[in-house]
Amino acid sequence: MDITLIAVGKTTTGYIQTGIDEYCKRLKHYIPFSIKCLPDIKNAGKLTEIQQKADEGKLIISELSASDHVVLLDERGEMMTSRGFSDFIQKGMLGGKKRLVFVIGGPYGFSPEVYARANAKLSFSKMTFSHEMIRLFFTEQVYRAMTILRGEPYHHD
């Protein structure tokens, strides 16, 4: 199984990108993992929130295949512990899923079409974080999940 993170916009903060790169490097030893950054919508300042979500939604959906299991990183999603998240990934692996795709939307969230395509929603916190920080947190949690599944000492209960 492959894990892909799709995110709208680039990570421009150096120290955050350094952290993401470190966890991506570590993940190579466990599972195929990739990050696909979609371009920001041009002239977004001239669009309504609904138009911007619709345009971002078209980009997101264009990256998905019919067999993908899609999980939106969304403030209204299910909250999990790190062990719960590792179980979620393991179920995907054992269930024969070819690709598990997690999606971080733009500043206004997701279009109705993206919500309709999603198989699940996951929340990292009731707090609000920048989209760049969520990329780092997510990548670290995938790494943590892999170490939990392998019984390695990275995670402590």
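Look up: the structure comes first, before these words.
Scope of this entry: the structure provided in the associated data block. Bear in mind that the values here come from a model prediction, so they are computed numbers and not experimental data. (Residues numbered from 1 in each chain as written. Predicted model: local features only at pLDDT ≥ 70, side-chain atom pairs only at ≥ 80, totals over all residues. Heavy atoms only, no water.)

Turning our eyes to something else, we now look at the sheet that holds strand 1 (residues 2-8). Taken in spatial order, the five strands line up as 2-1-4-3-5 in an open sheet, and their pairing is parallel. Across the chains shown, the open sheet's two edge strands, defined by having one partner strand only, are strand 2 (33-38) and strand 5 (120-123). Strand-to-strand twist of the sheet, defined as the mean angle between neighbouring strand axes without regard to direction, takes the value 30°. With four bridges connecting them, strand 3 (residues 69-79) and strand 4 (residues 99-104) associate as parallel partners. Bridged to V71 within strand 4 is F102. Along the sheet face, helix 3 (residues 82-94) touches strand 1, strand 3, strand 4 and strand 5 and points at about 135° away from the line of strand 4. (Pairing = 2+ DSSP bridges. Helix = DSSP H or I, 4+ residues; strand = E, 2+ residues; numbered from the N terminus. Axes fitted to C-alpha atoms, helices over the stretch in contact; angles between N-to-C directions. Contact = heavy atoms within 4.5 Å.)

On to the packing of aromatic side chains. Taken as a whole and judged by the stated rule, the model has eleven aromatic pairs. Here F129 and F137 contribute two aromatic rings whose centre-to-centre distance is 5.2 Å and whose plane-to-plane angle is 90°, an arrangement assigned as edge-to-face. Judged by its relative accessible area of 32%, F129 falls in the partly exposed class. Following the ring pairs from residue to residue traces out a cluster consisting of F33, F85, F88, F102, F124 and F138. Residue placement shows R26 over the ring face of Y143; its charged tip is 5.2 Å from the ring centre. (Phe/Tyr/Trp six-rings, centres within 6.5 Å; stacked < 30°, edge-to-face > 60°. Buried < 20%, exposed > 50% of the residue type's maximum accessible area, 1.4 Å probe, protein only. Lys NZ or Arg CZ within 6 Å of the ring centre and 35° of its normal.)

By the definition in use, this model includes seven salt bridges. R83 is paired through a salt bridge with D157; the nearest N and O atoms lie 2.7 Å apart. One end of the pair, R83, is in helix 3; the other, D157, is in the segment after helix 5 (131-149), and 74 residues separate them in sequence. Assessed through its relative accessible area of 74%, D157 is described here as exposed. With a closest N to O distance of 2.8 Å, R144 and E140 form a salt bridge. (Salt bridge = Lys/Arg side-chain N within 4 Å of Asp/Glu carboxyl O.)

It is the contact of helix 1 (residues 14-27) with helix 5, at a shortest axis distance of 9 Å, that shows an interaxial angle of 20°. Comparing the axis directions of helix 1 and helix 5 gives the class roughly parallel. Along this stretch, helix 1 crosses helix 5, giving a crossing that reads as left-handed. Contacts from I16, G19, I20, Y23, C24, R26 and L27 of helix 1 reach helix 5 at E132, M133, R135, L136, T139, E140, V142, Y143 and M146. Within the contact of helix 1 with helix 5, the residues separate by chemical class into ten nonpolar, two polar and four charged. (Parallel < 35°, antiparallel > 145°, perpendicular 65-115°, else oblique. Left-handed = near helix turned anticlockwise from the far one by under 90°. Nonpolar A, V, L, I, M, F, W, Y, C, P; charged D, E, K, R; others polar.)

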